[in-house]
Amino acid sequence: MISGSPRKDGNTAFLVEWFAEGARSTGAQVDIVRAADLERKAAGCTSCRACQKSAVYRCVIKDEVSDCLARFQGVDVIVMASPLYFYGASSQLKGVMDRMFSLYKWDNAAGTMQTPLKGKAFVFLGSGYEDIGLDVFERPFQLTAEYTKMTYASLVVGNAGESGDIIKLPGVRKQACELGARIARFVESE
Ligand SMILES: Cc1cc2nc3c(=O)[nH]c(=O)nc-3n(C[C@H](O)[C@H](O)[C@H](O)COP(=O)(O)O)c2cc1C
C-alpha cells in the first residue's frame, strides 16, 4: 500500500489503516509505505526512457522510489491512497506513480506492451474535503488498472477535511475494512 498524504494522522492514513486491518484479518501480509517518506532523486519520471532499453522492470534512478516500485512485481495487490489535491492525486503519490513507467515495456513498432502488473489487483483509496470532482480524482487510477488489465476496486470518500474527520463519517471504517478483506480473499481464491 502506498499512502500518498503528507499528513501522518490524516484521513487517507485512516483509510489505509482500515483497509489493512480488513486484509490482515484474512491472514494477508500488508506493507504500508508513505510516499512522502521515500527518499527520491527525482520529483517524478524524467522521461529518460532508459527503462525501456533495459531487460529489467526497474526505474534506473537509484533511490527508494525505484526500490519500492520494483517490489510491485512480487505482490498480489497494489493499493494507492491519496488526498484530493486540486481534483487530482497528491504530488507525493503522483511522483511515484509516474515512475511506474519502468514497469512496462512498450514495443511501438510491434504495437505491444508487456508488464508484470497484468492480472494483479489495483485498489484506489481517496479522501477529499468536498464531494465535488471525486469521479475525476479516481479516473486515472481506474484507467491505469484497465490499461494494465488489473482487477480494480476503490473507495473514495468526500466530506472529510480536517485530520480525522473521516472517523466521524458513518460506515466508512466498515466499508474500508470490508474492502480490504474482500480483496484479500479474492486474490487468495484466484
Ligand atoms: C493542497 C491541497 C489541495 C486540496 N484540494 C482539494 C480539492 O480540490 N477538493 C477538495 O474537496 N479538497 C481539497 N483539499 C482537502 C483535502 O483533500 C482533504 O482535507 C483530505 O481529506 C486530506 O486528506 P489527508 O487528511 O489524508 O491529508 C485540498 C487540500 C490540500 C492541502
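These lines cover the structure that appears in this document, whether it is placed above or below. Counting restarts for each chain, with residues numbered from 1 along the sequence as it is written. It should be noted that, the model being predicted, local features are given only for residues of pLDDT at least 70 and side-chain atom pairs only at 80 or more, the latter also being counted only at that level, while totals for whole chains, interfaces and linings use all residues. Values shown for side chains rest on all heavy atoms present in the structure; no hydrogens or waters enter the calculation.

### Describing the pairing of strand 7 (residues 151-157)
The side chains of a regular strand alternate between the sheet's two faces. Our working rule: DSSP-based pairing: two strands are paired if at least 2 bridges between them are found. Only DSSP runs of H or I with at least four residues qualify as helices, and only runs of E with at least two residues qualify as strands; both kinds are numbered from the N terminus onward. By definition, the crossover connecting two strands over a helix is right-handed if that path, from the first strand to the second, turns clockwise as seen with the strands pointing away from the viewer.
In this structure, strand 6 (residues 121-127) lies alongside strand 7, joined through seven bridges in parallel fashion. Bridge pairing links Phe 122 to Tyr 152 in strand 7. As for the winding sense of the linkage, the β-α-β connection from strand 6 through helix 5 (residues 134-148) to strand 7 is right-handed.

### Some details on the sheet that holds strand 3 (residues 77-83)
Applied cut-off: Residue contacts follow a heavy-atom distance rule, with two residues in contact if any of their heavy atoms lie within 4.5 Å. Throughout, an axis means a line fitted to C-alpha atoms (over the contacting stretch in the case of helices), and angles, computed between N-to-C directions, take values from 0 to 180 degrees.
On the basis of which strands lie adjacent, the open sheet formed by five strands has the order 2-1-3-6-7 and parallel pairing. The open sheet has two edge strands with one neighbour each: strand 2 (33-34) and strand 7. Pairing between strand 1 (residues 2-3) and strand 3: two bridges, direction parallel. Bridging from a neighbouring strand, Ser 3 pairs with Ala 81 of strand 3. Its contacts with the sheet place helix 4 (residues 91-98) against strand 1, strand 3 and strand 6, and it is angled at close to 145° to strand 3. Packing against the sheet, helix 5 makes contact with strand 3, strand 6 and strand 7, and its axis sits at approximately 165° to strand 7.

### Re the packing of helix 1 (residues 11-24) against helix 6 (residues 172-189)
Worth spelling out the cut-off: Under this scheme an angle from 65 to 115 degrees is roughly perpendicular, one under 35 degrees roughly parallel, and one over 145 degrees roughly antiparallel; angles in between are oblique. Crossings are sorted by hand: turned counterclockwise from the far helix by less than a right angle, the near helix makes the crossing left-handed, and turned clockwise it makes it right-handed. Gly is placed with the polar residues, together with every amino acid not listed as nonpolar (Ala, Val, Leu, Ile, Met, Phe, Trp, Tyr, Cys and Pro) or charged (Asp, Glu, Lys and Arg).
Contact geometry of helix 1 with helix 6 gives a least axis separation of 6 Å together with a crossing angle of 45°. Taken together, the axes of helix 1 and helix 6 lie oblique to each other. The handedness of the crossing between helix 1 and helix 6 comes out as right-handed. Contacts from Leu 15, Trp 18, Phe 19, Glu 21, Gly 22 and Ala 23 of helix 1 reach helix 6 at Val 172, Arg 173, Ala 176, Cys 177, Leu 179, Gly 180, Ala 181, Ile 183 and Ala 184. Looking at the contact of helix 1 with helix 6, its residues break down into eleven nonpolar, two polar and two charged.

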